[in-house]
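Summary of structural features
Now for the letters of each chain:
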Amino acid sequence: MEAINTRLKLVARLKRYKEDRGLEFVDLEREEWMLNYLLRANRGPLSADGLRELFTEILDLTKREVERSGAAP
């Protein structure tokens, strides 16, 4: 729980930083790069499909939670 909550706080800070500079919050190319990196690094037993599902959900959940919180610290 601590790691997830820390991640949410950091992403909220990043969102504010990007918004203050007129940058897009979500970088789909970066997300795809990260997912491909994790897929190459995965040695199992988690399948490639399982890894994709897990990290896609983590990324999506993080974005939803930051939006819900109004990017509060």
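What comes next concerns the included structure.

A short note on the overall build of the protein
A tally of helices and strands in the protein yields three helices and zero strands. Beginning at the N terminus, the succession of helices and strands in the protein can be written as α-α-α. Looking at the protein residue by residue over its 73 residues, the buried ones come to 21%. Of the roughly 5,800 Å² of accessible surface on the protein, 56% is carried by carbon and sulfur atoms. Taken together, the 14 basic and 14 acidic charged side chains of the protein have centroids lying 5 Å from each other.

Brief notes about the side chain of lysine 15
With respect to the element layout, lysine 15 can be found in helix α1 (residues 2-20). For lysine 15, a relative accessible area of 8% gives the class buried. A distance of 2.4 Å separates the side chain of lysine 15 from the side chain of glutamate 19, its partner in a polar contact.

Some thoughts on the layout of surface pockets
Summary: where empty space remains is shown by rolling a probe the size of a single water molecule over the atoms. Of the volumes computed, that of the largest pocket is approximately 350 Å³. Considering the residues around the largest pocket, the lining is formed by 14 residues, among which Arg7, Leu14, Arg30, Glu31 and Leu59 are closest to the centre. Within the residue set of the lining of the largest pocket, elements represented by two or more residues are α1, α2 (28-41) and α3 (48-69). Considering every element that reaches the lining of the largest pocket, the biggest residue donor is α1, with five residues. Of the residues that constitute the lining of the largest pocket, the class distribution is seven nonpolar, one polar and six charged.

Cut-offs applied
Residues numbered from 1 in each chain as written. Predicted model: local features only at pLDDT ≥ 70, side-chain atom pairs only at ≥ 80, totals over all residues. Heavy atoms only, no water. Helix = DSSP H or I, 4+ residues; strand = E, 2+ residues; numbered from the N terminus. Buried < 20%, exposed > 50% of the residue type's maximum accessible area, 1.4 Å probe, protein only. Areas by Shrake-Rupley, 256 points an atom, 1.4 Å probe, with all protein chains shown as cover. Lys, Arg positive; Asp, Glu negative; His and termini not counted. Charge placed at Lys NZ, Arg CZ, Asp CG, Glu CD. Polar contact = N/O pair within 3.5 Å; in protein donor to acceptor, adjacent residues only side chain to side chain. 1 Å grid on protein atoms, 1.4 Å probe; cavity = no way out; pocket = protein on both sides within 12 Å on 5 of 7 lines; lining within 4 Å. Points joined across faces, edges and corners; volume = space filled by probe spheres on them. Nonpolar A, V, L, I, M, F, W, Y, C, P; charged D, E, K, R; others polar.

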